[in-house]
Amino acid sequence: MLSVIRAERLKWRRTFIPKLVWMAPVFTLLLCAVLMGGRFFQTGSYNWWYTMLLPGALTLVCSLALQKDAKLKYRGLLALPLPPGRLWAGKIIACASWLLAALLVFLIGITAGGLLFGQTIPLLSSLAGSTLIFITFLWQIPLCLFLAARFGLFAAVLLNMAGNIMGVLTFNSGGFWDVIPYTITFRLMCPVLSILPNGLPVPADSPLRSTDMILIDVLVSLAWFGVLFLLTTLWFRKQEAI
């Protein structure tokens, strides 16, 4: 599996993917430093990061990671003496490593910015928030790879961004929406970072500050990742017969 992941990362050398790992978080931090700065820097940066810029960058990375193989209709990839499922898993893990690296760059940047502008989010809360963002964004990787394969780069970005916007609007609707993965990250950031998806602080007496649902939301998100991983792997295996 390590050789498959290394091979995937080698394909990225002449793409925009390696640059995005630092450009996406740095752009977010600079944008918020200019527009907000001061005591709103950390909260504003996190808000822009997990609601808009990270989902967009992750979708773009998944699309670019698939682009070369898709143009060849996966013939070069499926000609390798390896199970198709392992090849697909390699793509997902490679994109997950990009997500982790981008989150680490953002965490370092927002911590440094807090020292400069004033710390409004404790370091442990920031670390917990970034960890939860990583876990609850994993399911988007197999989905975005599939969307890019079926509909192309621009459609994948538009569809995934539309889903994230829907998540912002419905994160606290309850019922059916509690198991929709697009709402989970936004709901978890309320007790962990005390930030609403619109960037405003969570009121002190709000039930959104409760940590009771964190474990359940994480498990639901991981379940979605497992289901999408399985379904997209089965779809990819069928490409061998096309």
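What comes next concerns the included structure. Note that the structure is a prediction, hence the values are computed from the model and not measured.

This brings us to the packing of aromatic side chains. Evaluation of the coordinates by the stated rule reveals 11 aromatic pairs. Summarising the aromatic geometry, the rings of Trp139 and Tyr182 are spaced 4.7 Å apart at their centres and angled 85 degrees between planes, so their arrangement reads as edge-to-face. Residue Trp139 is located in the loop between α6 (123-137) and α7 (140-151), and its partner Tyr182 is located in helix α9 (residues 181-193); the two are separated by 43 residues in the primary sequence. Like Trp139, the residue Tyr182 is buried in the burial classification.

Below, the discussion takes up the pattern of salt bridges. Opposite charge on two side chains allows them to pair when their charged atoms are near. Scanning the model with the defined rule gives two salt bridges in all. For Asp178, the salt bridge identified is with Arg187, shortest N-O distance 3.7 Å. A residue is classified by how much of its surface remains accessible, and Arg187, at 12% relative accessible area, is buried. In this structure, Arg187 and Asp217 form a salt bridge, with 3.1 Å as the shortest nitrogen-oxygen distance.

It is worth spelling out the side chain of Ser221 at this point. Within the fold, Ser221 resides in helix α10 (residues 214-238). Aside from chain neighbours lying at most four places away, what touches Ser221 is Ile135, Thr136, Trp139 and Ile184.

Here we take up the side chain of Thr183. If you trace the backbone, Thr183 turns up in helix α9. A polar side-chain atom of Thr183 sits 2.8 Å from the main-chain carbonyl oxygen of Ile180. The contacts of Thr183, once residues within four sequence positions are left out, are Gly167, Thr170, Phe171 and Trp177.

The next thing to look at is a nonpolar patch on the surface. Together, Val34, Leu35, Met36, Phe40, Trp48, Met52, Ile165 and Leu169 give the surface a local cluster of nonpolar side chains, amounting to about 820 Å² of exposed area. Counting only elements with at least two residues in the nonpolar patch, the list comes to α2 (17-35), α3 (41-71) and α8 (153-170). Along the polypeptide, Phe40 turns up in the loop between α2 and α3. Phe40 gets classed as partly exposed once you look at its relative accessible area, which sits at 43%.

The next point concerns unusual backbone geometry. We note that Ser194 has phi near 60 degrees; this positive angle belongs to a residue other than glycine. Accessibility expressed as a relative area gives 22% for Ser194, which makes it partly exposed.

Right, let's talk about α9 for a bit. Taking 1.5 Å of rise per residue, the 13 residues of α9 would be expected to cover 18 Å, and the 19 Å separating its terminal C-alpha atoms lies within 8% of that figure. Looking one or two places after α9, you find Ser194, whose phi comes out positive at around 60 degrees.

About the cut-offs
- Residues numbered from 1 in each chain as written.
- Predicted model: local features only at pLDDT ≥ 70, side-chain atom pairs only at ≥ 80, totals over all residues.
- Heavy atoms only, no water.
- Phe/Tyr/Trp six-rings, centres within 6.5 Å; stacked < 30°, edge-to-face > 60°.
- Helix = DSSP H or I, 4+ residues; strand = E, 2+ residues; numbered from the N terminus.
- Buried < 20%, exposed > 50% of the residue type's maximum accessible area, 1.4 Å probe, protein only.
- Salt bridge = Lys/Arg side-chain N within 4 Å of Asp/Glu carboxyl O.
- Contact = heavy atoms within 4.5 Å.
- Polar contact = N/O pair within 3.5 Å; in protein donor to acceptor, adjacent residues only side chain to side chain.
- Patch = residues over 30% accessible without salt bridge, like charges linked within 9 Å, V, L, I, M, F, W, Y side chains within 5 Å.
- Areas by Shrake-Rupley, 256 points an atom, 1.4 Å probe, with all protein chains shown as cover.
- Expected span 1.5 Å × (residues − 1).

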